[in-house]
Amino acid sequence: MSRIGGGLRFTGRKGCRARYRRGVKAIRRFSVRPVLPEPLRPLSDLARNLRWSWHPETRELFRSVDPDGWRAAGGDPVRLLGAVSARRLNELAEDRGFLRRLAVAAGDLHDYLTEPRWYQRAEGELPAAVAYFSPEFGITAALPQYSGGLGILAGDHLKAASDLGAPLIGVGLLYRHGYFRQSLSRDGWQQEHYPVLDPDEMPLEPLCEPDGTPVRPALRLPGGRTLHAQVWLAKVGRVPLLLLDSGVEENAPRERDVTDRLYGGGSEHRLLQEMLLGIGGVRAVRAYCRITGHPEPEVFHTNEGHAGFLGLERIRELGERGAPFEAAVEAVRAGTLFTTHTPVPAGIDRFDRELVARHFGEDGELPGVAAEQVLQLGTETYPGGDGGVFNMAVMGLRLAQRANGVSTLHGSVSREMFRGLWPGFDAAEVPIASVTNGVHAPTWTAAEMRRPAPGTDDAGLWELRRTLRERLVEEVRRRLYDSWRQRGASPAELGWIDGVFDPDVLTVGFARRVPAYKRLTLMLRDRERFTRLLLHPERPVQFVVAGKAHPADEGGKRLIQELVRFADDPRVRHRIVFLPDYGMGMAQHLYTGCDVWLNNPLRPLEACGTSGMKAALNGGLNLSVLDGWWDEWYEPDFGWAIPTAEDGAVAGTAGGASGGGPLGDSPADRERRDAMEAAALYGLLEEQVAPCFYERGAAGDGLPERWIGMVRQTLTRLGPKLPADRMVREYVERLYTPAARAHRAMDTAAAERLAEWKARVRAGWPRVAVDHVESVAGSVELGGKLALRVRVLLGDLAPGDVEVQVVAGRVDASDTLSAADAVRVPLKVSGEPAEDGGRLYEGLLALDRTGPFGYTVRVLPAHPLLAGPAELGLVALPPDDLQAREAAGVLLR
Ligand SMILES: *Cc1c(COP(=O)(O)O)cnc(C)c1O
């Protein structure tokens, strides 16, 4: 405790905290912060808004408060202010220069928080607010609430939304131990540590009612238990982030531990976390809006399936106001966006149905919503689905009218993966869009690179890259030294670390989580060849590697150990290091300092990948399998594509092993594929990457001109696509705004009508059929027109319930239409119904392309409140649609 200025007091939290501390055994350390001298008060606001984490000028101000203290606090302003001496504070309170800089920083934050930004100027009926739910948020190392890419992306999303002025409210959980801290045992085995995070020492404040009572959502659990939570508020620039925390004293120990760890525990633990996130999260948002006057969200965005229960809570809310279940589902769907992040079926969140059933229904939470209705939403109804599980992604898709994947390739992989939910439709028509991820440039770009580096001359740009590499070398040595001390080495044994890495050697980075598909150890496939690369007399390469394996993933830990043991070898230990405890702080050094960023996942399992984007923003070149974002934006000017062996295509490439047919998933195929792709990786490094880096001075200036040219191309042409504000703008324009519009159109009456209409169409659909197709070709040549007459049976449905379409386009050798480039032309109903209810539809099809051409007709449900024709998964095709095409017999030349 520190005694400062006018004495001690609780840290500005009024009565809101004291209530559940008094008279009960403490569950946390009691932490008292200094009262800042009056002239320094603005420092507290600057420390409590996380904008400092992407604003170098504010960080510089904090550093100047106490440079040693700043280092000791790990660059965390809240911790710094908790530790700085009273004498120093009193000194600063009199320091005119400091106060002037403080006033500038405070004024700058005030302007940032209040001035109109992109969103305030954007056209269109933008949503009044969007709630963004995620199980993890990576905003700064000072708030360690993330495990990897999903969380970092969520953090970047909020920061970019703040920069754009988009009215988001973030919703997540506060894990008392975060994920875990990683160290290594002497023999290279991952050790996990779970230091307690004290909310008092983090940039958080409790969400309280105006009278100071803390907001406490509570969930009813089976067996008469209750799960209480408190809500913490973090300020991410303009965006509030609400974090629910079950570590409160009203809870029994079991419930108190619900938010103990990120991705820890068994499936019941995870279910409770997800119920708290989804259901408690909606309640926290409602309380926040009520208390602060923030507009209510019109759109709910769920980042992956974990927060899917938010839809059920909103169904309950509507039910309370009298909406029947089906209508409530429609109303919720209209304003919900679901983003899927994994193409790995094993990566999808699934629960035992029994477990879910026990937590819902009359005795559980959400008494107004029947357990059976909940279960149906998560049932895998498609072929190959497992009847015993409750699938969070499936529920996510059913409760969201809009969905997306996170790169163009991942969008198409997701449409394929989930197509069973829209039977009768081609994968290309499955309503899952894609928005390619981006990264928050101010967070991930070195300050020097943010000045107009592309405008610098070659020598300047190369010097800057060297400076960043040199800084990385220092960081590598420091972290390696700490790691060896933790592994039990004495300082006297560690003199060699001063010779680890060289600021003039080509530096390759590889850091990410360690699930099997990311293939941490692919580089070790041929150790002799890899060693020759590292130790090459003229063109050496140095590798910095990092990553955490999930605590339950023994396989991942074995891979780490394999890598660590390789890197421990005195022959190579100056050229390859494994740095434990990968996190945002380390990542910022790696992305800025590495020349090449390596990524070698099993294609197409990397949904997007973002670390390579962060490297590219700093002039790092990518060396990667064509997966995720790199598949979309790769150009030879930006780096190298590692050929993949998915379809045997790697044969014939540098060092390619025996070619062969398509590779499957058997262990032998996996082996063969790894061998081929590793050989391709070595070949690229030996023959292209290293020669390009070390090729100096055609112009006599000693500079690697080709390399610098690629760095410049990466910064100027690739760079502008990567920032997260591009991504958030796409979300706003393509998904949030249409969802808000749909939400507004869907009042309770409209939702009820839509639900009734859907029920009627589903019931009547078995009698909908294409009865007969006739075509009259004026002339079957380019520019001609085909007149079509189609007879359809609608049963109990009316022409207004459906659209009859002709779908036409190129066909392949088996007469299959390519859905991706087909045209769809609606036909018009003509005349009166026949006695059997048959209706005639007519229209013209323009023959506007040459070559093999075909068409078919189909009937689809049609309603103005549907987001697309595939929404219900219903379609009627001709009994044998092949016949219809042959009847036309169109073949243009
Ligand atoms: C960007 C980032 C990730 C995600 O990297 P991928 O390339 O998507 O695997 C993971 N961890 C940290 C700390 C990051 O900064």
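Because the structure is a prediction, the values reported are computed rather than measured.

Asker: Hey, could you run me through the overall build of the protein in this one?
Answerer: In terms of helices and strands, the protein carries 29 helices and 31 strands. Computed over C-alpha atoms, the radius of gyration of the protein comes to 30 Å, within 12% of the 29 Å expected from 2.2 N^0.38 for 893 residues, which places it in the range of a compact globule. Reported as C-alpha extents along the three principal axes, the dimensions of the protein are approximately 95 × 70 × 50 Å. For the protein, the residues scored as buried account for 57% of the 893 residues in total. The long-range fraction of contacts in the protein, counting pairs at least 24 apart against all pairs at least 6 apart in sequence, stands at 73%. Summing over all exposed atoms, the protein offers an accessible surface of approximately 35100 Å²; the carbon and sulfur share of this is 51%. Measuring between centres, the 111 positive side-chain charges of the protein sit 5 Å from its 118 negative side-chain charges.

Asker: When you look at the pairing of strand E20 (residues 576-579) in this model, what are you seeing that I'm missing?
Answerer: Working note: regular strand, side chains alternate between the two faces of the sheet. Burial along E20 is two-sided: Ile576 and Phe578 facing one way and Val577 and Leu579 facing the other are all buried. Direction of pairing for strand E19 (residues 541-546) relative to E20: parallel, over a ladder of four bridges. Counted as the bridge partner of Phe543 is Ile576 from E20. A crossover links E19 with its parallel partner E20, the connecting element being helix H21 (residues 554-568), and its sense is right-handed.

Asker: Would you mind going over the nonpolar core with me for this structure?
Answerer: Within soluble globular proteins, side chains that are nonpolar generally end up buried alongside one another. Core analysis: the largest hydrophobic core is formed by 93 residues, its most contacted members being Phe133, Phe309, Leu312 and Val859. Sort the elements by how many residues they give to this core and helix H10 (residues 267-292) lands first, with 12 residues. Per-domain counts for this core show at least three residues from each of domain 2 (125-434) and domain 4 (761-892). Aside from chain neighbours lying at most four places away, what touches Phe309 is Leu271, Glu274, Met275, Gly278, Ile279, Phe360, Phe390, Met392 and Met395. The next biggest cluster of nonpolar side chains, apart from the first, holds 56 residues, and it includes Val572, Ala680, Phe693 and Ile708.

Asker: When you look at helix H8 (residues 149-164) in this model, what are you seeing that I'm missing?
Answerer: Think of an α-helix as turning once every 3.6 residues; residues three or four places apart then point the same way. In this model H8 runs 22 Å from its N-terminal to its C-terminal C-alpha over 16 residues, within 8% of the 22 Å that 1.5 Å per residue would give. In terms of residue burial, H8 counts as a mostly covered element, since 15 of its 16 residues are buried. Looking one or two residues beyond H8, the residue adopting positive phi is Gly165, at roughly 80 degrees.

Asker: Can you help me understand the side chain of Thr714 in this one?
Answerer: Looking at the element boundaries, Thr714 is found in helix H26 (residues 705-718). With a relative accessible area of 0%, Thr714 lands in the buried category.

Asker: Before we go on, may I ask you to explain the site of the ligand in this structure?
Answerer: Among the 15 residues in the neighbourhood of the ligand, the closest are listed as Lys518, Tyr591, Thr610, Ser611 and Lys614. Side-chain polar atom of Lys614 to an oxygen atom of the ligand: 2.6 Å apart, as the coordinates give it. Compared with its free state, where it exposes 390 Å², the ligand has 95% of that area covered by protein. Residue composition of the shell around the ligand, by class: six nonpolar, six polar and three charged.

Asker: Any chance you could explain the sheet that holds strand E22 (residues 621-625) here in plain terms?
Answerer: In a beta sheet, neighbouring strands pair by backbone hydrogen bonds and run either parallel or antiparallel. Across the sheet, six strands lie side by side as E20-E19-E18-E21-E22-E23; this open sheet has parallel pairing. The open sheet has two edge strands with one neighbour each: E20 and strand E23 (639-642). When strand polarity is set aside, the average angle formed by the axes of neighbouring strands in this sheet is 20 degrees. In this structure, strand E21 (residues 596-599) lies alongside E22, joined through four bridges in parallel fashion. In the strand pairing of E22, Val596 is matched with Leu621. In this fold H21 packs onto E19 and E20, with an angle of close to 135 degrees to the strand it touches most, E20.

Asker: Just to check I follow, could you spell out the UniProt feature "modified residue: N6-(pyridoxal phosphate)lysine" (unreviewed entry) in the protein for this structure?
Answerer: Here the UniProt-annotated "modified residue: N6-(pyridoxal phosphate)lysine" (unreviewed entry) positions come out as Lys614. The residues contacting Lys614, other than those within four sequence positions of it, are Ile152, Val439, Trp444 and Tyr591.

Asker: Before we go on, may I ask you to explain helix H12 (residues 325-334) in this structure?
Answerer: In terms of burial, H12 is largely enclosed, as nine of its 10 residues are buried. Listed in full, the buried residues belonging to H12 are Phe325, Ala327, Ala328, Val329, Glu330, Ala331, Val332, Arg333 and Ala334.

About the cut-offs
- Residues numbered from 1 in each chain as written.
- Predicted model: local features only at pLDDT ≥ 70, side-chain atom pairs only at ≥ 80, totals over all residues.
- Heavy atoms only, no water.
- Helix = DSSP H or I, 4+ residues; strand = E, 2+ residues; numbered from the N terminus.
- Rg over C-alpha atoms; globule rule 2.2 N^0.38 Å.
- Buried < 20%, exposed > 50% of the residue type's maximum accessible area, 1.4 Å probe, protein only.
- Contact = heavy atoms within 4.5 Å.
- Areas by Shrake-Rupley, 256 points an atom, 1.4 Å probe, with all protein chains shown as cover.
- Lys, Arg positive; Asp, Glu negative; His and termini not counted.
- Charge placed at Lys NZ, Arg CZ, Asp CG, Glu CD.
- Pairing = 2+ DSSP bridges.
- Right-handed = clockwise from strand over helix to strand, strands pointing away.
- Core = buried A, V, L, I, M, F, W, Y, C linked by side-chain atoms within 4.5 Å.
- Domains from an automatic or database assignment.
- Expected span 1.5 Å × (residues − 1).
- Near = heavy atom within 4 Å.
- Polar contact = N/O pair within 3.5 Å; in protein donor to acceptor, adjacent residues only side chain to side chain.
- Nonpolar A, V, L, I, M, F, W, Y, C, P; charged D, E, K, R; others polar.
- Axes fitted to C-alpha atoms, helices over the stretch in contact; angles between N-to-C directions.
- UniProt positions renumbered as here; feature names shortened; annotations may be inferred.

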